[in-house]
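Working through the structure, step by step
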Amino acid sequence: MLQPRIEILSERKLIGMSVIMTLSDDRTGALWQSFMPRRREIRNTIGSELYSLRIYDSPYFKNFSPDRKFENWAAVEVKDFDTVPTGMESFILPDGLYAVFLHRGPASSGPKTF
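For the structure given in this document, a descriptive report is provided here. (Residues numbered from 1 in each chain as written. Predicted model: local features only at pLDDT ≥ 70, side-chain atom pairs only at ≥ 80, totals over all residues. Heavy atoms only, no water.)

Right, let's talk about the sheet that holds strand β4 (residues 69-77) for a bit. Strand order across the open sheet formed by 4 strands is β3-β4-β2-β5, with antiparallel pairing between neighbours. Strands at the two margins of the open sheet, each flanked by one partner only, are β3 (51-55) and β5 (89-93). Across this sheet, the average inter-strand angle for adjacent strands is 45°, counted without regard to direction. In this sheet, β4 lies alongside strand β2 (residues 12-22) in antiparallel orientation, the contact comprising 9 bridges. (Pairing = 2+ DSSP bridges. Helix = DSSP H or I, 4+ residues; strand = E, 2+ residues; numbered from the N terminus. Axes fitted to C-alpha atoms, helices over the stretch in contact; angles between N-to-C directions.)

Before going further, it helps to examine the pattern of salt bridges. Under the defined criterion, the tally for this structure stands at 4 salt bridges. For R54, the salt bridge is made with D26, and the minimal N-O distance between the two is 3.1 Å. Placement of the pair is R54 in strand β3 and D26 in the loop between β2 and α1 (28-35), with a sequence separation of 28 residues. Here E41 ties to R38 by a salt bridge, and the two come within 2.8 Å at their closest N and O atoms. Here E41 falls in the partly exposed class, since its relative accessible area comes to 36%. (Salt bridge = Lys/Arg side-chain N within 4 Å of Asp/Glu carboxyl O. Buried < 20%, exposed > 50% of the residue type's maximum accessible area, 1.4 Å probe, protein only.)

Glancing now at the packing of aromatic side chains. Geometrically, a pair of aromatic rings is defined through the distance of the ring centres and the angle of the planes. For the coordinates displayed, the defined rule picks out 9 aromatic pairs. Both rings, one in Y56 and one in F70, keep their centres 5.3 Å apart while their planes meet at 45°; by these two values the pair is tilted. Placement of Y56 in the loop between β3 and β4 and of F70 in strand β4 is noted, with a sequence separation of 14 residues between them. The class for Y56 is partly exposed, based on a relative accessible area of 32%. Ring centres of Y60 and F64 lie 5.9 Å apart, and the angle between their planes is 70°; this geometry places the pair in the edge-to-face category. Counting every residue linked through ring pairs, the aromatic cluster contains Y56, Y60, F61, F64 and F70. (Phe/Tyr/Trp six-rings, centres within 6.5 Å; stacked < 30°, edge-to-face > 60°.)

Written as structure tokens, this is what we have:
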């Protein structure tokens with residue numbers, strides 16, 4: 001089983017695409033298939049890392065259901081939000097304590113990490 005690294009991260013500015021989904025209707029693959037061909041449209045990126053974020057509301061894991069909705073992101077880090085390509089959004093990842101799961105390998109093996 002993949003173990004996360006627990007890290008304190010500083011604030012990050014991200015630009016990417018997001019989708020509201022459920023675990024029973026997981027569209028992570030489709031999200032990344034939409035994002036990857038367009039990621040080079042994003043100017044002033046920082047580094048080469050790709051960010052896959054899942055944002056759950058506070059009661060998400062109480063009375064868990066695979067049909068409960070969450071927000072899923074495909075994004076890259078940027079210096080600023082001066083230019084956000086059409087069809088993409090900006091997101092500020094607040095500083096704080098995070099579980100970081102590092103995926104290495106082709107996108108086709110991504111579901112193992114997710």
